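Here's the letter readout for the chains.
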Amino acid sequence: MASEQERLRQAARLQLMQSGIDPYPAAAFQRTHNTASLLAEADTLSPQQTVRLAGRLMERRIMGKASFAELQDAHGRIQLYLNRDDLGTAGDGVLYNEVFKKQLDFGDWIGVEGFLFTTQTGERSVHVRDLTVLAKTLRPLPVVKIDSEGHVHDGFTDPELRYRMRYVDLIVNPEVKTVFLKRSRMVQAMREFFLERGYLEVDTPVLQPIPGGATARPFITHHNALDVPLYLRIANELYLKRLIVGGFEGVFEFARDFRNEGMDRTHNPEFTILEIYVAFQDYRWMMEFTEQLIEHTARAVNGRTEVTLDNRTIELSAPFARVSMRNAILEHTSFDIHRKSEDEIRAFCVQESLEVGPEMGKGKLIDTLFGERCEKHYVQPTFITDYPIEMSPLCKRHRDDPDYTERFELMINGKELANAYSELNDPIDQRERFEEQLRLSQKGDDEAMFIDHDFLRALEFGMPPTAGMGIGIDRLAMLLTAQSSIQEVLFFPQMRPEALAVSSARSGFDGWALDPRWIGALTELYGSPEALRELKPTQVHQQLNGLRKKNKWDVPALLLDEVQAWFV
């Protein structure tokens with residue numbers, strides 16, 4: 001059932017059509033400026049020079065025959081001045097009295113034509129001579145109010161609603177758009193950094209016959225034409241290394257990867273990663289390259305290398321600290337993993353009250369120990385280096401100790417941001433590592449790697465020494481925009497499906513034509529229509545609207561006559 005405001009907007013739409021105005025015209029509206037460019041050029045415009053802008057009607061202050069309004073576009077806001085006697089070509093006042101005052105609403109898209117002037121209070125404004133309706137909105141936007149002291153009231157702040165209706169979030173919360181503009185600049189700065197060094201941007205398959213390149217649980221789908229199972233990629237590593245085999249000396253990809261795992265403040269099942277592979281280099285070179293990349297990107301996004309996140313000031317200028325995995329665990333647990341058996345490491349994890357299972361091999365046990373006891377201590381950028389070989393199936397053995405690998409992870413603010421290797425290019429060693437992963441899978445580890453026989457065949461054709469590195473783009477965006485949740489840097493984070501109805505087993509309200517939130521509230525507060533009708537309509541009306549205000553629902557308030565209709 002439509003709310004009163006929605007019914008009024010639908011009526012206004014009909015009135016526009018009846019008066020010959022298309023509320024959704026097909027013709028393009030040609031603009032001369034946007035709000036930002038118009039204000040920037042204000043001093044160079046000739047008097048009464050015609051300007052044309054388009055955007056949302058965000059405020060109206062109607063004062064008889066003259067009114068002020070606010071126009072918002074992608075670049076900002078500007079004040080509009082409208083006068084009944086000079087708005088429109090007909091001169092009959094209809095465009096002002098009927099369209100502007102009665103048939104337009106907060107949030108409608110309009111185009112205006114007029115000239116720029118300065119009001120007596122010194123505010124640049126557009127004196128509107130003509131107005132075009134571009135799109136009539138049928139749902140009201142949240143009305144966010146800011147008082148004289150800058151305090152926000154009735155803000156659109158509920159995280160679930162913001163993420164679910166990001167389009168509304170972007171309209172009413174301008175700081176949200178800033179986060180995504182910075183994210184875009186971040187990716188562009190990284191891309192330019194790679195291209196300037198001669199590396200090639202490529203695309204690799206999202207649908208893969210084998211989910212390789214990482215240890216993670218994949219999403220599984222089915223290709224009907226080929227009648228084969230396929231996997232959404234968990235990493236693009238093995239395909240990029242195939243390109244190094246093919247003769248490219250540096251390749252990179254901004255990839256969408258998918259992992260069928262948990263969700264929290266730093267994990268989303270669909271995420272963006274940057275992976276880059278450079279021939280004839282090693283992980284030591286890649287550490288310096290990564291330092292330069294992070295510093296360059298921070299300056300491009302924020303103009304400085306210092307960021308503040310979670311009340312911590314983090315310095316992103318090179319060089320970064322370096323600590324081996326062995327020394328990190330030794331420092332924070334007093335336990336030396338060097339040449340310890342799987343049973344010894346498992347016993348220590350149990351002693352530390354860590355959750356470990358019989359399917360976990362030595363590598364996963366060490367990973368759990370480091371993650372639970374060490375990660376949080378590395379706030380400033382730190383390369384954790386030289387991982388035990390059991391943790392790195394695709395990484396070259398360390399040149400000084402074959403029990404370890406030439407690998408680093410970059411830790412910032414207690415979280416992994418980047419992962420890099422001197423890539424394993426010995427096909428015999430790689431096959432043995434894959435076979436060990438197969439044994440872990442048979443023990444019950446559902447994140448163990450598959451054996452990719454085609455990748456092994458590619459290595460047998462010879463891959464030169466190569467350094468590879470991956471960076472979590474979403475986490476880097478969190479860092480550079482000072483956000484504590486990954487959902488804040490994703491336009492559309494994954495969420496549970498929105499409830500569309502309430503089961504009739506729960507209550508008798510499920511057949512009522514109401515928003516699901518009202519259905520849920522009615523069920524929780526009253527249990528059944530019969531119980532509700534024992535109360536007074538005014539009491540129910542007050543209780544429900546009080547709940548709406550408390551939870552900041554983006555639904556119109558219930559009218560008393562709507563509630564009274566439930567009692568008939």
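Quantities reported herein were computed from a predicted structural model and do not represent experimental measurements.

A.B. asks: Lay out the overall build of the chain in plain terms, naming residues and giving numbers.
C.D. replies: When its secondary structure is counted, the chain shows 18 helices and 20 strands. Considering only C-alpha atoms, the chain reaches an extent of 90 × 70 × 55 Å along its principal axes. A burial count over the chain gives 49% of its 568 residues as buried. Summed over all atoms, the accessible surface of the chain reaches about 27900 Å², with 50% contributed by carbon and sulfur. Distance from the positive charge centre (67 side chains) to the negative charge centre (86 side chains) of the chain: 4 Å.

A.B. asks: How would you summarise the packing of aromatic side chains if you had to cite specific residues and measurements?
C.D. replies: The full count for this structure, using the stated rule, is 19 aromatic pairs. Centre to centre, the rings of F491 and F492 are 6.2 Å apart; their planes meet at 40°, and the pair counts as tilted. Residue F491 is classed as partly exposed on the basis of its relative accessible area of 40%. Looking at F492, the relative accessible area reads 61%, which means it is exposed. Following the ring pairs from residue to residue traces out a cluster consisting of F193, F194, Y199, F252, F254, W285 and F289. It is K340 that lies over the ring of F335; its NZ or CZ is 5.5 Å from the centre.

A.B. asks: Which residues make up the sheet that holds strand β12 (residues 250-258), and what values go with them?
C.D. replies: Taken in spatial order, the 8 strands line up as β8-β12-β13-β20-β19-β18-β17-β16 in an open sheet, and their pairing is mixed. Of all the strands in the sheet, just β8 (200-201) and β16 (321-324) have a single pairing partner and so form its edges. Pairing geometry for β8 and β12, over 2 bridges, is parallel. Paired with L200 across the bridge in β12 is V251. In the packing of helix α6 (residues 174-196) onto the sheet, contacts are made with β8, β12, β13 (270-279) and β20 (466-472), and the angle to β12 comes to roughly 150°.

A.B. asks: Now, about the sheet that holds strand β11 (residues 228-232): what can you tell me, with residues and values included?
C.D. replies: Within the open sheet, the 3 strands sit side by side as β9-β11-β10. Their pairing is antiparallel. Each end of this open sheet is capped by a strand with a single partner; those strands are β9 (207-208) and β10 (220-223). Here β10 runs beside β11; their pairing, made up of 4 bridges, is antiparallel. Across the sheet, H223 pairs through a bridge with V228, a residue of β11.

A.B. asks: I'd love a proper account of the side chain of T119, names of residues and values included.
C.D. replies: Within the element layout of this structure, T119 appears in the loop between β4 (109-118) and β5 (124-135). For T119, a relative accessible area of 14% gives the class buried. A distance of 2.9 Å separates the side chain of T119 from the side chain of T121, its partner in a polar contact. With near-sequence residues (within four places) excluded, T119 lies in contact with F68, Q79 and S125.

A.B. asks: So what about the pattern of salt bridges? Which residues, and what values?
C.D. replies: On inspection of all chains with the given rule, the structure shows 40 salt bridges. With a closest N to O distance of 3.6 Å, K362 and E390 form a salt bridge. Here K362 is found in helix α11 (residues 362-373), whereas its partner E390 is found in the loop between β17 (382-385) and β18 (407-412), with 28 residues between them in sequence. A relative accessible area of 33% means that E390 is categorised as partly exposed. One salt bridge in this structure joins R433 and D429, with 3.1 Å as the shortest N-O distance. On the criterion of helical spacing, the pair formed by R433 and D429 is a turn pair, its members being 4 residues apart in helix α12 (residues 427-443).

A.B. asks: Go over the environment of G64, please, and point to the residues and values.
C.D. replies: Checked against the element boundaries, G64 lands in the loop between β1 (50-63) and β2 (66-73). Note on G64: relative accessible area 45%, which makes it partly exposed. For G64 and S484, which are 420 residues apart along the polypeptide, the C-alpha to C-alpha distance reads 48 Å. Those residues within four positions of G64 in sequence are excluded, and the remaining contacts are Y96 and K101.

A.B. asks: Go over the packing of α12 against helix α13 (residues 453-460) with me, naming the residues and quoting the values.
C.D. replies: Between α12 and α13, whose axes approach to 9 Å, the crossing angle comes to 160°. What the angle tells us is that α12 and α13 run roughly antiparallel. Between α12 and α13 lies a crossing whose hand is right-handed. Here P427, Q430, R431 and F434 of α12 lie close against α13, whose contacting residues are H453, F455, L456, L459 and E460. Residues belonging to the contact of α12 with α13 are distributed by class as follows: 5 nonpolar, 2 polar and 2 charged.

A.B. asks: Tell me about helix α8 (residues 283-302), and please be specific about residues and values.
C.D. replies: In a regular helix each residue adds 1.5 Å, so 20 residues correspond to 28 Å; α8 covers 28 Å between its end C-alpha atoms and thus fits that length. Where α8 begins, the capping side chain belongs to D282, and its oxygen is found 3.2 Å from the backbone nitrogen of R284. Of the residues one or two after α8, G303 is the one with positive phi, at around 75°.

A.B. asks: Which residues make up the side chain of N413, and what are the values?
C.D. replies: By the secondary structure assignment, N413 is in the loop between β18 and β19 (415-422). In this structure N413 comes out as buried when scored by relative accessible area, which is 13%. Here the side chain of N413 touches D310 through a polar contact of 3.2 Å, side chain to side chain. Of note is the side chain of N413, whose polar atom sits 2.9 Å from the side chain of R312. With near-sequence residues (within four places) excluded, N413 lies in contact with L309, D310, R312, I314, Y378 and V379.

What counts and how
- Every residue gets a number counted from 1 within its own chain, in the order that chain's sequence is written.
- pLDDT decides what is reported in this predicted model: residues at 70 or higher carry local features, side-chain atom pairs at 80 or more are listed and counted, and totals for whole chains, interfaces and linings draw on all residues regardless.
- Side-chain numbers here rest on the full set of heavy atoms in the structure, without hydrogens or water.
- Helix numbers and strand numbers start at the N terminus; a helix is a DSSP run of H or I with at least 4 residues, a strand a run of E with at least 2.
- Classification of residues uses two cut-offs on accessible area relative to the type maximum, computed with a 1.4 Å probe and protein chains only: under 20% is buried, over 50% is exposed, and between them is partly exposed.
- Exposure was quantified through the Shrake-Rupley algorithm and a 1.4 Å probe, taking into account, for residues, occlusion by the shown protein chains and nothing else.
- Counting rule applied: Lys, Arg positive; Asp, Glu negative; His and chain ends not counted.
- To locate a charge, take NZ of a lysine, CZ of an arginine, CG of an aspartate or CD of a glutamate.
- Only centres within 6.5 Å qualify two rings of Phe, Tyr or Trp (six-membered ring in Trp) as a pair; their planes then separate them into stacked at under 30 degrees, edge-to-face at over 60, and tilted for everything else.
- We count a charge as sitting over a ring when the NZ of a lysine or the CZ of an arginine lies within 6 Å of the ring centre and within 35 degrees of the ring normal.
- Only when DSSP finds a minimum of two bridges between them are two strands counted as paired.
- Contact criterion: two residues are considered in contact whenever any of their non-hydrogen atoms come within 4.5 Å of each other.
- Axis lines are fitted to C-alpha atoms, over the contacting stretch for helices. Their N-to-C directions set the angle, which ranges from 0 to 180 degrees.
- For this analysis, a polar contact is any N or O atom pair within 3.5 Å, provided that within protein one partner can donate a hydrogen and the other can accept it, and provided that sequence-adjacent residues contribute only side-chain to side-chain pairs.
- For this document, the term salt bridge refers to a Lys or Arg side-chain nitrogen within 4 Å of an Asp or Glu carboxyl oxygen.
- Roughly parallel means an angle under 35 degrees; roughly antiparallel means over 145; roughly perpendicular covers 65 to 115; every other angle is labelled oblique.
- Crossing handedness follows the turn of the near helix against the far one: under a right angle anticlockwise gives a left-handed crossing, and clockwise gives a right-handed one.
- Ten residue types, Ala, Val, Leu, Ile, Met, Phe, Trp, Tyr, Cys and Pro, are classed as nonpolar, four, Asp, Glu, Lys and Arg, as charged, and the remainder, Gly among them, as polar.
- A helix is expected to reach a length of 1.5 Å times the quantity of its residues less one.

Just geometry here; none of it tells us what the structure is for.
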